[in-house]
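# Residue-level structural notes
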Amino acid sequence: MSQDLPRMNTRILKVPEVDLGKFMEGEGREKLGLWEPSQSKSPSTKILHEAADYLKTKDTPVGFPTETVYGLAADATRSAAVRGIYTAKGRPSDNPLIIHISDLEMLRSILTPENTSNGATNGGHDLIPEIYKPLIQRFWPGPLTILLTNPTPSKLAPEVTAGLKTFGVRMPKSPLALSLIKLTGAPLAAPSANASTKPSPTTADHVLEDLDGRIELILDGGSCPVGVESTVVDGLCNPPLILRPGGVSMEELRSCAGWGNVERGYKDQSESGKSAPRAPGMKYKHYSPKAKVVLYESTFTVGKNGVQPQDVEAFIQDQQILGSQSEELRVGIIRTRHWRPTAGLRCGDWKKREIVTTGAGQESQETIKLDVQEADLYDTTDGAAIGKLLDVSIGEDTRSIAQGLFSALRELDRRGAGIIFVEGTVDDEEMGAAVMNRLRKAASQIRS
């Protein structure tokens, strides 16, 4: 942490997602038009009121859960509050922020220029572009961010858009998030609640690992059920583009009216240049643990059944050159569909096996379970013990892989792995593209 920043006392407050609010329904009411927070006096509601009051008056962001990953929230209309996000994360200021809304009423308010009366129409036309209405109807609230033109003058702090003429917005699915936004009375700018470049947090404990002492308040709603960030789309151009893959797949988008020709508009490697990226996650290195990450693509046939021993030997030689050979060698493995335990490396019997549960809390909260095993790692030639193997399975289906990926990277970091070999998955189905996009950005080396 920067010496210029005084260390804060970071609190985690558990918030069970029980009766936190609902969308108002009834004849003449628009779907998703208005979110109404719960009027109960439950402990959860009291905590949300405390957090909302904090966001209204303080310039330090608050960690909170969404269905994708944990976010770091600040009032998107106040420059000092938004700058607090960049300070806490150590995030480059030319990386735009996604704003989060509670309902369509709030979205139309943002689309209305500052100092003019709010309204649903502009010259008789809805302020929400028609191209996005099929997506809103199907995927909101949920893991989809849409790009919109920022009105002039704008109600958003200029730090949100990083100088761009557009802004990204989404409506999260979490009732906790929706009520927090509504009680704050303003859209919340909220990137992932991790230190910049580190794996995204999917539990409150992950947020604490990165931001302990940098922020004061973390709301704990359990583990995030999706596990990767939202899909970001640009429907203002023709053809429309996916700027970042995420919780909504290309196939799902193409099934919506007006989106049949949507194309990929992102790269799996971080983009370079001086201009601000059009969406978060496009320009800078992301999602990386401390350990070196070696990704085995699903197309890398030589590594279909496991890790190549020469890759481990090359890492050992690199460590010797760097003078790190005195440290115990700890090799991490993240398995998905095809690799069997040990991923083909020569090992002894399992010495430890642990089911690590993260995000545990009340029964209503989501949890992530990782199957972690440890064994002695042997030299491929003489059979001598050369270190430890840390083996993690995160499941075979794309959804479980997405949900467990960031937790697995963090868990192996915590156990001191110097290198992590990851079995990639197919990136042309469900959320496979989002998973592989994150892995390619995290990887130091890619085998394909």
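Let me begin by describing the structure that accompanies this report. Along each chain, numbering runs from 1 in the same order as the chain's sequence is written. In keeping with the predicted nature of the model, local features appear solely for residues at pLDDT of at least 70, side-chain atom pairs appear and are counted solely at 80 or more, and the whole-chain, interface and lining totals rest on all residues. As a rule here, side-chain values come from all non-hydrogen atoms in the structure, and water together with hydrogens is ignored.

Strands here mean DSSP runs of E at least two residues long; helices mean DSSP runs of H or I at least four residues long; both are numbered from the N terminus. Helices and strands together make up the secondary structure of the protein chain, namely 11 helices and 22 strands. With a 1.4 Å probe rolled over the protein chains alone, any residue whose accessible area is under 20% of its type maximum counts as buried; one over 50% counts as exposed, and the rest are partly exposed. The buried share of the protein chain, reckoned over its 448 residues, is 56%. Counted over contacts in the protein chain with a minimum sequence separation of 6, partners at least 24 positions apart contribute 70%. It only takes one pair of heavy atoms within 4.5 Å for two residues to be counted as in contact.

Next up on the list: helix α2 (residues 79–89). Turning to α2, its buried residues number three or more, namely Ala81, Val82, Gly84, Ile85, Tyr86, Ala88 and Lys89. Each element contacted by the buried residues of α2 is listed here: β5 (71–75), α5 (158–161), β11 (188–189) and α7 (204–211). Just downstream of α2 lies Gly90, where phi reads positive at about 70°.

Before going further, it helps to spend a moment on the pattern of salt bridges. Here, a salt bridge means any side-chain nitrogen of Lys or Arg that lies within 4 Å of a carboxyl oxygen of Asp or Glu. Counted by the stated rule, this structure contains 29 salt bridges. The salt bridge partner of Arg410 is Glu209, with a shortest N-O separation of 3.1 Å. Of the two residues, Arg410 is situated in helix α10 (residues 398–414) and Glu209 in helix α7; the sequence distance between them amounts to 201 residues. A relative accessible area of 7% places Arg410 in the buried class. Ionic contacts of the salt-bridge type, sharing partners, join the residues Glu30, Arg108, Asp126, Glu130 and Lys133 into one network.

Centres within 6.5 Å make a pair out of two Phe, Tyr or Trp rings, where for Trp the six-membered ring is used; the pair is then stacked when the planes are under 30 degrees apart, edge-to-face when over 60, and tilted otherwise. Taken as a whole and judged by the stated rule, the model has 5 aromatic pairs. Residues Tyr296 and Phe300 carry aromatic rings whose centres are separated by 5.2 Å and whose planes lie at 80° to one another, so their mutual orientation is edge-to-face. The exposure classification of Tyr296 matches that of Phe300, with both residues buried. Here the aromatic rings of Tyr296 and Trp339 are separated by 5.4 Å at their centres, their planes lie at 85°, and the arrangement is edge-to-face. Here Tyr296 is found in strand β16 (residues 292–296), whereas its partner Trp339 is found in the loop between β17 (329–335) and β18 (347–358), with 43 residues between them in sequence.

Pairing between strands is defined by DSSP: at least two bridges between them are needed. The mixed open sheet is built from 11 strands, whose spatial order is β1-β12-β4-β5-β11-β6-β10-β9-β13-β14-β15. Only two strands of the sheet have a single partner each, and these edge strands are β1 (11–14) and β15 (263–264). Pairing analysis gives 4 bridges linking β1 to strand β12 (residues 217–220), with the strands arranged parallel. Of the residues in β12, the one forming a bridge with Ile12 is Ile218. All axes are obtained by fitting lines to C-alpha atoms, using only the stretch in contact for helices, and the reported angles, taken between N-to-C directions, cover 0 to 180 degrees. Sheet contacts for α2: β5 and β11; angle to β5, the most-contacted strand, approximately 150°.

This paragraph deals with unusual backbone geometry. Trans peptide bonds make up most of the peptide bonds, and negative phi angles are found at most residues other than glycine. A cis amide bond links Thr152 with the next residue in sequence, Pro153, at an omega value of -5°. Not every positive phi belongs to a glycine, and Thr197 is a case in point at roughly 85°. Take Thr197: it is sitting in the loop between β11 and α7. The backbone phi angle of Thr342 is positive, close to 80°, even though this residue is not glycine. Residue position: Thr342 is located in the loop between β17 and β18.

Let's shift gears to the nonpolar core. Residue types Ala, Val, Leu, Ile, Met, Phe, Trp, Tyr and Cys, when buried and joined through side-chain atoms within 4.5 Å, form a set referred to as a nonpolar core. Trp140 and Leu219 are the most contacted members of the largest nonpolar core, which totals 79 residues. If we ignore the near neighbours within four places in the chain, the residues touching Trp140 are Leu32, Ile101, Leu104, Leu107, Leu135, Ile146, Val169, Arg170 and Met171. Ranked by size, the runner-up nonpolar core spans 29 residues in total, among them Val293, Leu390, Ala434 and Leu439.

Tracing the backbone through its elements, the reader meets Arg244 in strand β14 (residues 241–244). We treat Lys and Arg as the positive residues and Asp and Glu as the negative residues; His and chain ends play no part in the count. Of the side chains with opposite charge, Glu229 lies nearest to the buried Arg244, which makes no salt bridge, at 5.4 Å. There is a polar contact of 3.0 Å between the side chain of Arg244 and the backbone oxygen of Ser230. Identification of polar contacts relies on pairs of N or O atoms within 3.5 Å, with a donor-acceptor requirement for protein atoms, meaning one able to donate a hydrogen and the other able to accept it, and with residues adjacent in sequence counted only if both atoms are side-chain atoms.

Here Thr45 lies in helix α1 (residues 43–57). As a C-alpha pair, Thr45 and Ser179 span 134 residues in sequence and 8.9 Å in three-dimensional space. With residues near it in sequence (within four places) discarded, Thr45 still touches Ser38 and Ser40. A distance of 3.2 Å separates a polar atom in the side chain of Thr45 from a polar atom in the side chain of Ser40.

A separate point is the environment of Lys182. When you line up the elements, Lys182 lands in helix α6 (residues 175–184). Residues Lys182 and Leu34, 148 residues apart in the sequence, show an inter-C-alpha distance of 9.4 Å. For Lys182, the residues in contact, after removing those within four places along its chain, are Leu34, Trp35, Pro37, Ser102, Asp103 and Glu105.

So, on to the packing of α10 against helix α11 (residues 432–442). The interhelical angle for the contact between α10 and α11, taken along N-to-C directions, is 30°, at an axis separation of 9 Å. The angle between α10 and α11 falls in the class roughly parallel. Considering only the axes of α10 and α11, their crossing is left-handed. For the pair α10 and α11, contact is made by Thr398, Ile401, Ala402, Leu405 and Phe406 and by Gly432, Val435, Arg438 and Leu439, respectively. Residues are grouped as follows: Ala, Val, Leu, Ile, Met, Phe, Trp, Tyr, Cys and Pro are nonpolar; Asp, Glu, Lys and Arg are charged; all remaining types, including Gly, are polar. Across the contact of α10 with α11, the residue classes tally to 6 nonpolar, 2 polar and 1 charged. The scheme is simple: roughly parallel for angles under 35 degrees, roughly antiparallel for over 145, roughly perpendicular for 65 to 115, oblique for anything else. By definition, turning the near helix anticlockwise from the far helix through less than a right angle yields a left-handed crossing, and turning it clockwise yields a right-handed one.

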